Amino acid sequence: MKKFKIIFMKYIFLLKAVCRKGRISNLFLIIGSYLLKRSEVKGLPCVFQIEPTNKCDLRCRLCLTGLGKLKRPKGEMTFNAFKNILRQVENSLIYLALYNMGEPLLNPDIYNMISYAKQKGVFIRLSTNANFSGRKHIKNILNSGIDELIISLDCATAQTYSEYKNSPHYDRVIDNVRLIVKERGSSPRPLIKLQFLLMKSTEGDIDIFKKLVKELAVDQGIMKKVRVDFYGVNPRYDALAKNKKYVRDVYKNKRQKMTCWRPWLSTVILWDGKVAPCCFDMEGEFGFGNIAEQSMSSIWNNRRYVKFREKIAKNSDVPAICHQCSIKNFRKNFI
Ligand SMILES: C[S@@+](CC[C@H](N)C(=O)[O-])C[C@H]1O[C@@H](n2cnc3c(N)ncnc32)[C@H](O)[C@@H]1O
Ligand code: SF4
């Protein structure tokens, strides 16, 4: 029943974001381009992932940022740059994931960004490590209008948490979750999801995590299969769960059929304005352009973006990042 309620609420929030000027017709245009496998897309992306910052206060052992292995410079997006993006795409943008390779709450303008996007009627999802102290963030999160909040606890006990996240603040995060749930009360926003990563060090704690989800009264517990190989950077196959049920297909040498809609419907903007095809391009290596220098509409159908889509549509010479991902199996990466 609870799961049904969450799905229902999420679709209501999304529907409200869709029913704004220009967005439905744009949606039809991009879906049409995808179905016809046109490498030039009519319309603009409706899903954006924007990276407020790639800085982080934690050192998670299987995250490129946490490991300090991200090669690009560290920084944060300015509020002006954010507004410039949203002004350009307000008639297409429906769903905004306001996080990527860092802790979004470290951007001093994060709540200005959220309220600006909410004024434009966008659905907002934010993922945080909730490693903050004091009540300021709790109050701001609840007043901001975020639709979906993911709290990446990633582990279920203080011991595995401190080992994996290199942080002694397990209790603080749990207290923060408790307070967010309590102070949200019966308000529908945000939907609160607690996330757990399935890996060797945590697979024995699944029942503890399930109990925690109930005890903390969050709306949903998410169990996500971990990624351990970022195109050869620091591969950690030894960290995979022993139980194959908890391991991504990509690590089981299963052939993956290439079906991906992301380059037609969505895009990623890194903190410095670089445009990337999806969150798997963590370094922004495809050189599609920079939204600080060019408009989204010119980048969206430039030669490199079009070539990228062509390869995916023809399933030939598919970029290396795609071999790590199978959008078709997206749901299978969670249990
Ligand atoms: C890179 S983090 C950035 C946002 C924020 N700092 C957080 O931790 O939620 C985004 C999401 O990726 C997840 N994540 C980190 N490393 C991962 C990995 N190796 N495999 C799968 N998910 C991972 C985190 O749990 C988090 O939910
Ligand atoms: S908190 Fe998020 S961004 Fe920071 S190291 Fe962990 S997973 Fe990476």
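Above this text is the structure in question.
The structure displayed is predicted, hence computed values, not measured ones.

Attention shifts here to the overall build of the chain. Across its full length, the chain holds 13 helices and eight strands. Its C-alpha atoms give the chain principal-axis dimensions of roughly 50 × 45 × 40 Å. Buried positions account for 37% of the 335 residues belonging to the chain. A separation threshold of at least 6 residues defines the contact pool for the chain, and within that pool the share at least 24 residues apart is 71%.

Residues that lie three or four places apart on an α-helix share one face, since the helix turns once every 3.6 residues. Of the residues making up helix H4 (residues 79-89), those classed as buried are Phe 82, Ile 85 and Val 89. Each buried residue of H4 lies within a common arc of 65° when the element is viewed along its axis, so the set occupies one face. Among the exposed residues of H4, those oriented more than 90 degrees off its buried face are Asn 80 and Arg 87. Where H4 is buried, its residues meet strand S1 (47-50), helix H5 (110-119), strand S7 (266-269) and helix H11 (296-300).

Neighbouring residues of ligand 2: Cys 56, Leu 58, Arg 59, Cys 60, Cys 63, Thr 65, Gly 66, Gly 102, Glu 103, Asn 129 and Ser 152. Residue composition of the shell around ligand 2, by class: four nonpolar, five polar and two charged.

This brings us to the site of ligand 1. The full set close to ligand 1 counts 18 residues, and Leu 62, Cys 63, Ser 127, Ser 152 and Arg 227 are the nearest of them. Elements with a minimum of two residues in the shell around ligand 1: strand S3 (123-128), strand S4 (148-154) and strand S5 (191-198). If one sorts the elements of the shell around ligand 1 by residue count, S4 sits on top with three residues. Its residues assigned to classes, the shell around ligand 1 shows nine nonpolar, five polar and four charged.

What follows covers the sheet that holds S1. Sheet strands line up and pair through hydrogen bonds in the backbone, either parallel or antiparallel. In spatial order, the strands read S6-S5-S4-S3-S2-S1-S7-S8; together these eight strands make up an open sheet with mixed pairing. One side of each edge strand has no neighbouring strand; the edge strands of this open sheet are strand S6 (220-225) and strand S8 (275-276). Two strands pair when backbone bridges link them, and S3 and S4 are joined in this way by four bridges, in the parallel orientation. Bridge pairing in S4 links Ser 127 to Ile 150.

Time to look at the pairing of S7. Sheet topology note: the S1/S7 ladder contains four bridges and is parallel. Counted as the bridge partner of Ile 50 is Ile 269 from S7. Note that S7 and S8 share two bridges and pair antiparallel. In the strand pairing of S8, Val 268 is matched with Ala 276. Where S7 hands over to S8, the hairpin turn is made up of five residues, of which Gly 273 adopts a positive phi near 100°.

What counts as what
- Residues numbered from 1 in each chain as written.
- Chains lettered and ligands numbered in written order.
- Predicted model: local features only at pLDDT ≥ 70, side-chain atom pairs only at ≥ 80, totals over all residues.
- Helix = DSSP H or I, 4+ residues; strand = E, 2+ residues; numbered from the N terminus.
- Buried ≥ 20, exposed ≤ 12 C-beta atoms within 10 Å, placed from the backbone.
- Contact = placed C-beta atoms within 7 Å.
- Arc of directions from axis to C-beta.
- Near = placed C-beta within 6 Å.
- Nonpolar A, V, L, I, M, F, W, Y, C, P; charged D, E, K, R; others polar.
- Pairing = 2+ DSSP bridges.

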